[in-house]
Amino acid sequence: MTVSGTNDRYLRSDVALRVAYEKMEPYLVALDFVRPVPESDGKFMYIYNDTSKSGDSKKKQPVGYTQGGAFPEIDFSRPSTAAALMESNGFSVRLPRNVIRQDAGKNEIMRCYENAGFWLAEWLNTKILAAMTGGATTPSWTPTDTWDSTSATPVEDLRLLKYQMRREGYPYRLTDVLVDVENLSELEAYLTAMDISAVKQERIYGMPGGNGDSIYVPVAGCTVTGLDSGITEGYALAVDKGNPACEYHYYVDPKFGTARITYTTMQDGKKTQKTVPNMGVHFKSFEEDDTHDTIMQFWVEGKPVVINAYGILYDNGI
């Protein structure tokens, strides 16, 4: 597109992606719990595990060695592979020509980018969480009572959930539990009402308060994070953040996106420049011939896949 008008320079892809990512970052919670995998095409192969090392039917025990003898040759079950296609999801925004040519048109353009960033982040979170909950294992775990009940024991529920993540032959350990923000509020209320020493609360049960995003529960060894959307109230999604059992495969078309995006964010209370991989976000703008309106298109190209169901637990009862 020819850059000539007062506001045309704000319709470039680099500007759109930068502003959109600034708004996306605070809401991209689910990306912290997946392994990003860039792809060079719109289709991809991925590996998922059917068995553990300990539970492998081909597992052998080491035998004693004698001079001139030979160790037995071993084999092991190979992981399975699957093919998948990228999914593209997006939307268009129309800006009339009289908006573009006004001096205040920049504000309207930036508002479109900010809304797009929030909507894309919200959609991406929902997509990843849907894949994780759909591919998770249901734990053998019965919470004492729903967390809004006076008989609830949320900390004990989380402690028991920690051991549900342990499974012989698998490396997964509980690090994070994602819940609806209402359930996080109930956990906070439970911790606030406890009448115990400050040392015991801090080192075993966890300290209430904070910014309303998460609470660390020491005895369970996990951080409980409350989400505004993506997790149904009363459910808990347990994951191992350091060993993700879900992958997010994404593709960036170089014609409509860049491999990396630099944007401004807040860190330790100060504005700073941050450069991150582009997780498949694309942008295109063009002028419609008959109306001369500007059409801005945003879309995400990627797909989350669960590679091991035992690395994710999902159940209700809280």
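Residues numbered from 1 in each chain as written. Predicted model: local features only at pLDDT ≥ 70, side-chain atom pairs only at ≥ 80, totals over all residues. Heavy atoms only, no water.

Details of the overall build of the protein chain
Reasoning step 1: Along its length, the protein chain carries six helices and 14 strands.
Reasoning step 2: Here the protein chain holds 318 residues, and the buried ones make up 40% of them.
Reasoning step 3: Once local pairs closer than 6 in sequence are excluded, the contacts in the protein chain between residues at least 24 apart make up 76%.
Reasoning step 4: Entry remark: accessible area of the protein chain is about 17,000 Å², with carbon and sulfur atoms responsible for 48%. (Helix = DSSP H or I, 4+ residues; strand = E, 2+ residues; numbered from the N terminus. Buried < 20%, exposed > 50% of the residue type's maximum accessible area, 1.4 Å probe, protein only. Contact = heavy atoms within 4.5 Å. Areas by Shrake-Rupley, 256 points an atom, 1.4 Å probe, with all protein chains shown as cover.)

Examining the environment of N316
Reasoning step 1: Among the secondary structure elements, N316 is positioned in strand β14 (residues 312–316).
Reasoning step 2: Classification of N316 by relative accessible area gives partly exposed; the value is 34%.
Reasoning step 3: Along the sequence, N316 and T138 sit 178 residues apart, while their C-alpha atoms lie 9.2 Å from each other.

Let's talk about the pattern of salt bridges
Reasoning step 1: Evaluated as defined, the whole model comprises nine salt bridges.
Reasoning step 2: With a shortest N-O distance of 3.4 Å, E22 and R18 are connected by a salt bridge. Placement of both E22 and R18 in helix α1 (residues 13–24) is noted, with a separation of four residues, approximately one turn of the helix.
Reasoning step 3: In this structure, E25 engages K274 in a salt bridge whose closest nitrogen and oxygen atoms are separated by 3.0 Å. Highlighted residues: E25 in the loop between α1 and β1 (35–39) and K274 in strand β11 (residues 270–277), separated in sequence by 249 residues.
Reasoning step 4: Classification of E25 by relative accessible area gives partly exposed; the value is 24%. (Salt bridge = Lys/Arg side-chain N within 4 Å of Asp/Glu carboxyl O.)

Examining the nonpolar core
Note on soluble globular proteins: their nonpolar side chains tend to be buried together.
Reasoning step 1: Y113 and V177 are the most contacted members of the largest nonpolar core, which has 74 residues in total.
Reasoning step 2: Among the elements that make up this core, the one with the highest residue count is helix α3 (residues 105–134) (eleven residues). (Core = buried A, V, L, I, M, F, W, Y, C linked by side-chain atoms within 4.5 Å.)

Comments concerning the packing of α1 against α3
Each pair of packed helices gets described by two things: the angle between the helix axes and the distance between those axes.
Reasoning step 1: Relative orientation of the contacting elements α1 and α3 amounts to 50 degrees, with a least axis distance of 7 Å. Our classification of the angle between α1 and α3 gives oblique. In the crossing of α1 with α3, the sense of the turn from one axis to the other is right-handed. Packed against α1, whose contacting residues are V15, A16, V19, A20, K23 and M24, the element α3 presents M110, Y113, E114, G117, F118, L120 and A121 at the interface.
Reasoning step 2: Classifying every residue of the contact of α1 with α3 by side-chain character gives ten nonpolar, one polar and two charged. (Axes fitted to C-alpha atoms, helices over the stretch in contact; angles between N-to-C directions. Parallel < 35°, antiparallel > 145°, perpendicular 65-115°, else oblique. Left-handed = near helix turned anticlockwise from the far one by under 90°. Nonpolar A, V, L, I, M, F, W, Y, C, P; charged D, E, K, R; others polar.)

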